[in-house]
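# Remarks on the overall topology
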Amino acid sequence: MPLTTAEMNSNEHWYNSSSTSFFIIPGGRDQPFVQDFSGRNLDNLKKYLTTGGIYIGICAGAYVASSFIRFEEGNSPYEVIGPRWNLVPCVAVGSLFPGTFHYNYPMVGDEISAERSEQQVKVPTAIRLDHEMPSLYCTDTVSIWSDLGFLAHYNGGPHFQDIRFPCHIHAWYDMAGEMLPAVVSSTYGQGSVFLFGFHIENRAPISDLNLRVAFCRSMLLK
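Here is a short report on the structure shown in this document. On a predicted model such as this, the values are computed, not experimentally measured, just so you know. (Residues numbered from 1 in each chain as written. Predicted model: local features only at pLDDT ≥ 70, side-chain atom pairs only at ≥ 80, totals over all residues. Heavy atoms only, no water.)

## As for the sheet that holds strand 3 (residues 66-71)
Note the threshold: Strand pairing is assigned whenever DSSP identifies at least 2 bridges connecting the two strands. Segments assigned H or I by DSSP are reported as helices when at least four residues long, segments assigned E as strands when at least two residues long, and all are numbered from the N terminus. Orientation is described by lines fitted to C-alpha atoms, with helices fitted over the stretch in contact, and by angles between N-to-C directions that extend from 0 to 180 degrees.
Spatial ordering of the open sheet is given by 4-3-5-8, a layout of four strands whose pairing is mixed. Every interior strand has two partners, whereas the edge strands, strand 4 (80-83) and strand 8 (159-161), have only one. Averaged over neighbouring strand pairs, the angle between their axes works out to 25° when direction is ignored.

Structure below.
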């Protein structure tokens with residue numbers, strides 16, 4: 001169930017881990033999330049996690065939940081650098097293609113057209129999975145595809161650096177042989193936090209979708 005900031009402020013039950021199965025922050029820009037979660041909402045989110053909740057951050061939701069963000073450093077007006085919520089002990093760094101990122105829609109003063117921006121973000125990204133995954137959720141589909149990985153929709157999300165305990169890496173971007181952490185998780189109190197640099201939710205072929213479902217289930221089983 002989607003919640004606005006006002007609804008979160010007035011709803012005293014959303015951060016009860018017995019009534020909220022997952023808390024998901026999707027893509028977008030991380031700075032509005034920082035503003036919306038200043039003060040009470042962030043405190044309640046941390047209460048939710050401490051008592052056993054599950055946070056899933058995708059793209060911007062991954063940036064904002066990390067310890068620190070380094071986004072498009074040196075590429076004005078997109079540059080964002082600074083501390084974040086520290087739900088996972090790691091630094092979120094993006095984009096994968098520094099200096100080339102543009103949002104799907106023009107910013108003020110942005111001379112890049114929306115059409116060109118849309119073409120930019122549709123470049124698929126190769127994802128390689130944790131080698132332990134097939135033993136946790138073993139089917140023919142997973143066994144075949146786990147060695148190959150899969151292609152995922154990418155739109156400026158992070159890879160992860162300075163990863164510290166108890167953070168665990170689940171998948172990597174395969175950047176022409178250079179492997180960069182793409183999915184990480186960590187405990188937070190009694191809860192768990194999962195951060196995806198790419199868009200795991202984007203539509204995919206059935207065989208690919210089966211792998212993604214198995215991949216997500218394997219993380220929850222760890």
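## With respect to the side chain of T20
This is how the line gets drawn: By the convention used here, residues are in contact when the closest approach between their heavy atoms is within 4.5 Å.
Within the element layout of this structure, T20 appears in the loop between helix 1 (5-10) and strand 1 (23-25). Once you skip the residues sitting within four places of it in the chain, T20 turns out to touch H13, W14, Y15 and Y48.

## Concerning the nonpolar core
General note: in soluble globular proteins, nonpolar side chains tend to be found buried as a group. Just so we agree on the cut-off: Only buried residues count toward a nonpolar core, which is a set of Ala, Val, Leu, Ile, Met, Phe, Trp, Tyr and Cys residues joined through side-chain atoms within 4.5 Å. In this scheme, a residue with accessible area under 20% of its type's maximum is buried, one over 50% is exposed, and one in between is partly exposed, where area comes from a 1.4 Å probe on protein chains only.
Counting residues in hydrophobic clusters, the biggest one holds 33 residues, and the most contacted among them are F23, L45, Y55, W85, L87 and L195. Secondary structure elements with two or more residues in this core: strand 1, helix 3 (40-50), helix 4 (60-65), strand 3, strand 5 (88-94), strand 10 (178-188) and strand 11 (191-196). A total of five residues in this core trace back to one element, the largest contributor, which is helix 4. If you look at the next biggest cluster of nonpolar residues, it comprises 19 residues, including I58, M175, F196 and M219.

## Considerations on the packing of aromatic side chains
Centre distance and the angle of the planes are the two values used to describe a pair of aromatic rings. We apply this condition: Each aromatic pair joins two rings of Phe, Tyr and Trp (for Trp, the six-membered one) with centres within 6.5 Å, and gets the label stacked for planes under 30 degrees apart, edge-to-face for over 60, and tilted for any other angle.
One pass over the structure, following the stated rule, counts eight aromatic pairs. Relative to F198, the ring of Y173 has its centre 6.5 Å away and its plane inclined at 75°; by these criteria the two rings are edge-to-face. One end of the pair, Y173, is in strand 9 (residues 168-175); the other, F198, is in the loop between strand 11 and helix 8 (206-221), and 25 residues separate them in sequence. Residues Y173 and F198 agree in their burial class; the two are buried.

## Concerning the pattern of salt bridges
Quick reminder of the rule: Salt bridge criterion: a side-chain nitrogen from Lys or Arg within 4 Å of a carboxyl oxygen from Asp or Glu.
Counted according to the given criterion, the structure contains two salt bridges. Among the salt bridges present, the one from D30 reaches R84, with a minimum N-O distance of 2.4 Å. A residue pair is termed long-range when its members are at least 10 positions apart, and D30 in helix 2 (residues 30-36) and R84 in the loop between strand 4 and strand 5 qualify at 54 residues. Exposure class is identical for D30 and R84. Each is buried. The closest approach of N and O atoms between E73 and R70, which form a salt bridge, is 3.6 Å. What makes E73 exposed here is its relative accessible area of 52%.

## Some words on helix 3
Under the convention used in this document: To be clear, the arc concerns the directions from the helix axis to the C-beta atoms.
If you check which residues of helix 3 are buried, you get N41, L42, N44, L45, Y48 and L49. Each buried residue of helix 3 sits inside an arc of 160° when the element is viewed along its axis, so together they form one side. Tucked into the core, helix 3 has its buried residues touching helix 1, strand 1, helix 2, strand 2 (54-58), strand 10 and strand 11. Within two residues after helix 3, G52 carries a phi angle of roughly 115°, on the positive side.

## A short note on the environment of L45
With respect to the element layout, L45 can be found in helix 3. Relative accessible area serves as the criterion here: at 0%, L45 is assigned to the buried category. Each C-alpha atom, one on L45 and one on F23, is 8.5 Å from the other, the two residues being 22 residues apart in sequence. When near neighbours in sequence (up to four residues on either side) are disregarded, L45 contacts W14, F23, F37, Y55, W85 and L87.

## With respect to the side chain of N75
Applicable threshold: Think of a polar contact as two N or O atoms within 3.5 Å of one another; within protein, one of them needs to be a possible hydrogen donor and the other a possible acceptor, and neighboring residues in sequence only count if both atoms come from side chains.
Looking at the secondary structure, you find N75 in the loop between strand 3 and strand 4. Judged by relative accessible area, N75 falls into the buried class, the value being 16%. A distance of 2.5 Å separates a polar atom in the side chain of N75 from a polar atom in the side chain of E72. Once residues lying within four places of it in the same chain are set aside, the contact partners of N75 are G99 and F101.

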